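What follows is each chain in one-letter form.
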Amino acid sequence: MGHNKGWLIVLWFPCFLLCLRNCPHFGNIGKHFFDMDLSQALSFSAYAQRMTAARPNYRAAWEAALSSPLDWDAVVTQPIAAASASGDTDKLAAVLRQVRQRVMLHTMARDLTGAADLDEVCGNMGRLATDALLAAVALHQTQLVETRGQPCNAEGKAQPFIVVGMGKLGGGELNVSSDIDLVFLYPEEGETDGARPLSNHEFFVRLGQRVIAALDEVTADGFVFRVDMRLRPYGDASPLAVSFDALEHYLTAQGRMWERYAWLKAQPLTGGEHDELQQLIAPFVYRKYLDFDAYEGLRDVREQIRVQGKTRGYAHNIKLGSGGIRDIEFIAQAQQIVRGGRVPALQLHGTRAALRALGERDLLPREAVDELLVAYDFLRRLEHRLQYRDDLATQTLPEDEASLTALAHSMNFATLAAFQEALTAHRQKVTRRFEALLGYDHYGSETISSLPTTQPSVSPSWNTPEAAELLRQTLVAHRFDDPDAIADRILRARESKRYAALPERSRQRFDALTQQLIDIAPAAASTTSSTAASSNNIDTLFLRLFTLLETISRRSVYLALLSEHPHALPTLARLLAASSWAADYLNRHPILLDELLTPQILLAEPDWIAWRSELTQILDAHAGDAERQMDELRHFQHAQTFRLLAQDIAGQLTVERLADHLTALADLILEITLAHCWRTLVSDDAPPPRFAIIGYGKLGSKEMSYGSDLDLVFLYDAGDDDHEAITRYTRLAQRMNTWLTSTTAAGNLYATDLRLRPDGSSGLLISRWDAFVRYQHEKAWTFEHQALTRARFIAGDNALGAAFMRERAALLQQPRDVEALRRDILAMRERMMEGHAHSGALFDVKLGRGGMVDIEFIVQFLVLSNAHRYPTLTRNTGNVALLTAAATLGLITAAEADAAIQAYRLYRRQQHAAQLQEEDSARVDPAQYESEREAVIALWKKRVEEAG
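Rules behind the numbers
Residues numbered from 1 in each chain as written. Predicted model: local features only at pLDDT ≥ 70, side-chain atom pairs only at ≥ 80, totals over all residues. Heavy atoms only, no water. Helix = DSSP H or I, 4+ residues; strand = E, 2+ residues; numbered from the N terminus. Buried < 20%, exposed > 50% of the residue type's maximum accessible area, 1.4 Å probe, protein only. Polar contact = N/O pair within 3.5 Å; in protein donor to acceptor, adjacent residues only side chain to side chain. Axes fitted to C-alpha atoms, helices over the stretch in contact; angles between N-to-C directions. Left-handed = near helix turned anticlockwise from the far one by under 90°. Contact = heavy atoms within 4.5 Å. Nonpolar A, V, L, I, M, F, W, Y, C, P; charged D, E, K, R; others polar. Parallel < 35°, antiparallel > 145°, perpendicular 65-115°, else oblique. 1 Å grid on protein atoms, 1.4 Å probe; cavity = no way out; pocket = protein on both sides within 12 Å on 5 of 7 lines; lining within 4 Å. Points joined across faces, edges and corners; volume = space filled by probe spheres on them.

(A) View of the environment of R574. As for its position among the elements, R574 is in helix 25 (residues 568–578). Note on R574: relative accessible area 26%, which makes it partly exposed. Separated by 348 residues in sequence, R574 and R226 have C-alpha atoms that sit 56 Å apart.

Set out below in structure tokens:
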């Protein structure tokens with residue numbers, strides 16, 4: 001049979017027989033044909049023919065075990081263990097090669113007949129490589145120690161030999177005829193403790209040489225794995241083994257972008273101190289910030305491959321050619337490197353696991369993830385079939401039609417044309433996704449804005465009078481209100497010391513982004529609502545955008561982010577056009593620019609269960625590092641706040657719904673902060689604290705806005721004489737307050753107000769439960785019971801929280817002297833007016849007569865004066881619901897309730913709009929809300945001033 005005909009016949013048979021075997025109507029006939037297929041399948045692979053000819057018993061074992069996965073213990077573990085126990089390195093070498101032959105044949109047969117999936121194939125090869133490495137290292141190290149002694153550091157501590165698996169071995173995706181990429185490391189320098197000592201360096205170099213020979217050397221039994229050591233520091237020019245210090249120095253001083261991609265998959269396989277090694281590698285691979293410079297590095301790597309491909313003919317290479325396996329790996333790895341430092345869940349070694357993780361977090365579109373996973377499976381199975389032929393590490397398609405046809409049949413395609421069509425479709429999809437990632441085109445780009453992106457209209461060379469005039473003319477053409485002032489601002493920035501200090505690449509990006517902002521500002525400003533900006537919308541918006549550009553210019557990663565994702569600019573422009581507060585927030589937290597890249601997340605309804613899980617995972621990943629955990633809390637809170645801001649500006653949220661979400665976010669932060677602060681004070685097996693956080697004010701009533709303080713009271717349950725518990729709970733409250741209020745490198749979290757605790761600022765930071773109850777009954781002022789109407793349990797011990805809510809209801813239901821209550825509330829209202837007096841004729845919607853505070857005080861008066869008769873009034877359901885309840889109970893008329901509710905909602909919207917524009921207070925022409933003010937004042941006079 002001719003060489004190419006062997007491909008054609010044998011590769012067709014497995015597919016045909018697999019159909020028969022799986023068809024219930026064929027019964028034993030299918031099984032009979034399947035058995036016959038085994039003898040035919042041998043001719044598929046010249047390697048398999050050589051092995052079975054040399055060792056006929058292999059075929060019998062193959063036939064007997066083909067229907068089930070490999071019996072690893074019998075085929076691999078036991079033979080290797082026996083050879084290792086003999087102490088004979090030659091015997092171990094022979095056994096490792098024989099084991100490899102059996103694993104290869106079994107895996108090949110199951111793969112070709114469709115019985116094994118990609119996980120089984122790659123799993124077998126990766127497990128074999130690891131077992132072989134462990135055995136070779138153990139035996140050769142034992143023998144070298146016997147003659148030279150144990151390598152130790154200066155303190156006499158034994159030093160392990162750490163073999164790091166790189167590439168597909170490290171990623172758990174080793175193919176059937178792959179080289180294994182290794183790096184040899186040891187923790188510290190020193191020398192062996194034997195009679196003939198060696199330096200640790202020399203010891204581990206010799207050991208590495210022996211291990212390589214044990215695996216790579218070709219004997220009568222072949223080889224185990226080809227070993228590639230070129231990924232070690234300085235490549236072939238460097239020593240075979242290096243210390244942790246040498247590795248760290250190299251990565252810090254010499255490590256290049258492509259090496260970050262290589263070390264991403266690094267997996268220590270032998271020795272110890274793996275955690276220490278990971279702590280050394282992780283900062284090199286993953287940055288604490290979002291590292292969008294990684295895209296440019298990937299472009300460079302991909303361009304080198306493209307250039308090589310022209311000379312080496314990569315067009316038919318399914319790994320290195322366009323749309324091949326490497327492109328899929330690059331897509332996953334680029335996103336991991338960009339985001340892995342901020343999202344520890346992306347710090348994965350395997351390509352498929354990384355793609356799934358990216359999809360789960362909507363960092364890649366689900367459609368893209370599905371396409372890439374299917375393509376990866378297809379290409380990897382095809383790669384294995386190419387390698388089964390002669391046990392060579394090849395990824396190049398054969399050129400003759402007969403071989404291609406046979407290959408098509410092995411992939412379950414009836415015709416070569418169908419196979420080629422499927423292969424082309426997969427590679428085209430991968431190419432489009434890869435090019436979209438790197439900005440070669442805009443396939444698959446998404447944005448929440450329909451604003452166009454245009455080509456820059458200004459020359460990047462602005463240092464001539466002609467260019468400056470062109471800039472001014474461009475601004476005029478774009479309808480800027482004061483083009484001279486804007487041009488002057490741009491040119492002054494470009495002539496500044498800050499700009500001059502930027503790297504050349506950053507200056508190029510700055511210039512290009514400036515041009516894009518000029519082009520995009522008019523369209524964005526024209527879509528802004530009338531409440532968002534003044535008459536010179538375009539100028540105002542551009543200056544907000546340009547100020548942000550100046551802010552981020554010193555961080556190349558942020559310039560890279562916007563440069564790599566031009567479709568994020570319209571969304572950014574729309575946000576800043578609508579809100580100066582949004583502009584200020586981004587200037588303080590530019591890391592949030594990343595949120596613009598995933599509109600499906602940015603505009604998604606909050607998932608509090610998922611958010612809790614995400615935050616818990618992030619903090620757990622940095623257990624023991626309080627500073628990093630505090631930063632991560634801030635990053636998380638800022639990101640969720642920014643998402644809510646985007647939804648708010650997009651019109652997806654009412655003010656009330658926004659307040660619900662901001663309150664839920666604060667609740668979550670408090671819950672998680674309490675749990676982690678407690679862990680820093682006690683042992684892992686300590687019971688949870690008898691400690692509760694009570695929220696007052698806007699937090700308690702679920703009416704939080706951007707930047708709201710947290711009004712908190714800390715309760716605990718312990719005996720008078722339990723000084724240890726009191727001390728511990730005091731420290732817990734102090735630590736919580738520190739975590740919440742400290743300014744870290746990541747910025748601020750929340751401001752807290754603890755003055756509503758018993759005795760206010762002069763009281764203890766924490767309140768014992770029974771003392772709190774006694775204080776509320778015996779000493780509390782009326783204003784403290786007013787505050788109690790808006791209080792609720794937030795986090796901590798559920799039993800203590802429930803006890804608080806019961807006691808709160810009981811306190812609010814106490815019969816009161818209505819006249820005394822009226823006097824106290826009127827006096828408190830007057831003090832508030834005096835403390836916030838302002839000149840001018842404008843109406844303050846919060847503090848002015850007939851404003852929000854009057855409505856809140858009316859509700860509090862109704863609750864405190866009537867809850868003893870109507871317990872439903874103690875429910876902390878918010879002012880609107882309580883006004884409705886009061887009308888239902890006949891305490892006010894339905895018309896009065898409706899008017900107050902309407903006014904309250906309008907005031908809240910006005911206050912919210914003022915906050916978006918960073919106005920200190922919401923003050924308007926009194927005529928704007930004349931009818932609402934009159935209705936509230938009338939209700940105040942009738943139900944509070946005249947009550948008695």
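(B) Here's a closer look at the side chain of H409. Of note, H409 is situated in helix 17 (residues 401–410). For H409, a relative accessible area of 11% gives the class buried. Among the polar contacts made by the side chain of H409, one reaches the main-chain carbonyl oxygen of A414 at a distance of 3.2 Å.

(C) Region of the structure containing the packing of helix 23 (residues 537–552) against helix 25. Relative to each other, helix 23 and helix 25 sit at 120°, their axes nearing to 9 Å. Seen from above, helix 23 lies across helix 25 with right-handed handedness. The segment helix 23 lies against helix 25, with L541, R544, L545 and L548 engaging L572, A573, L576 and A577. Here the contact of helix 23 with helix 25 is built from residues that sort into seven nonpolar, no polar and one charged.

(D) View of the packing of helix 15 (residues 351–360) against helix 16 (residues 366–388). In the contact formed by helix 15 and helix 16, the axes pass within 9 Å of each other and the chain directions differ by 165°. By the angle between their axes, helix 15 is roughly antiparallel relative to helix 16. As for how helix 15 packs across helix 16, the hand of that crossing is left-handed. In this structure, helix 15 contributes T351, R352, L355, R356, G359 and E360 to the contact, and helix 16 contributes R366, V369, L372, L373 and Y376.

(E) Layout of the environment of D131. Tracing the chain through its elements places D131 in helix 7 (residues 118–148). When the C-alpha atoms of D131 and A417 are compared, they prove to be 42 Å apart, with 286 residues separating the residues in sequence. With near-sequence residues (within four places) excluded, D131 lies in contact with W72, V76 and I80.

(F) Looking closely at the layout of surface pockets. Its volume calculated, the largest pocket comes out at about 1500 Å³. Looking at the largest pocket, it is lined by 42 residues, and the ones nearest its centre are K698, D711, R790, M832 and K846. Looking at the lining of the largest pocket, the elements that each hand over two or more residues are helix 30 (655–679), helix 31 (697–701), helix 34 (782–788), helix 36 (818–835), helix 37 (852–866) and helix 39 (894–916). The element that contributes the greatest number of residues to the lining of the largest pocket is helix 39, accounting for six residues. Grouping the amino acids of the lining of the largest pocket by side-chain chemistry returns 18 nonpolar, 11 polar and 13 charged.

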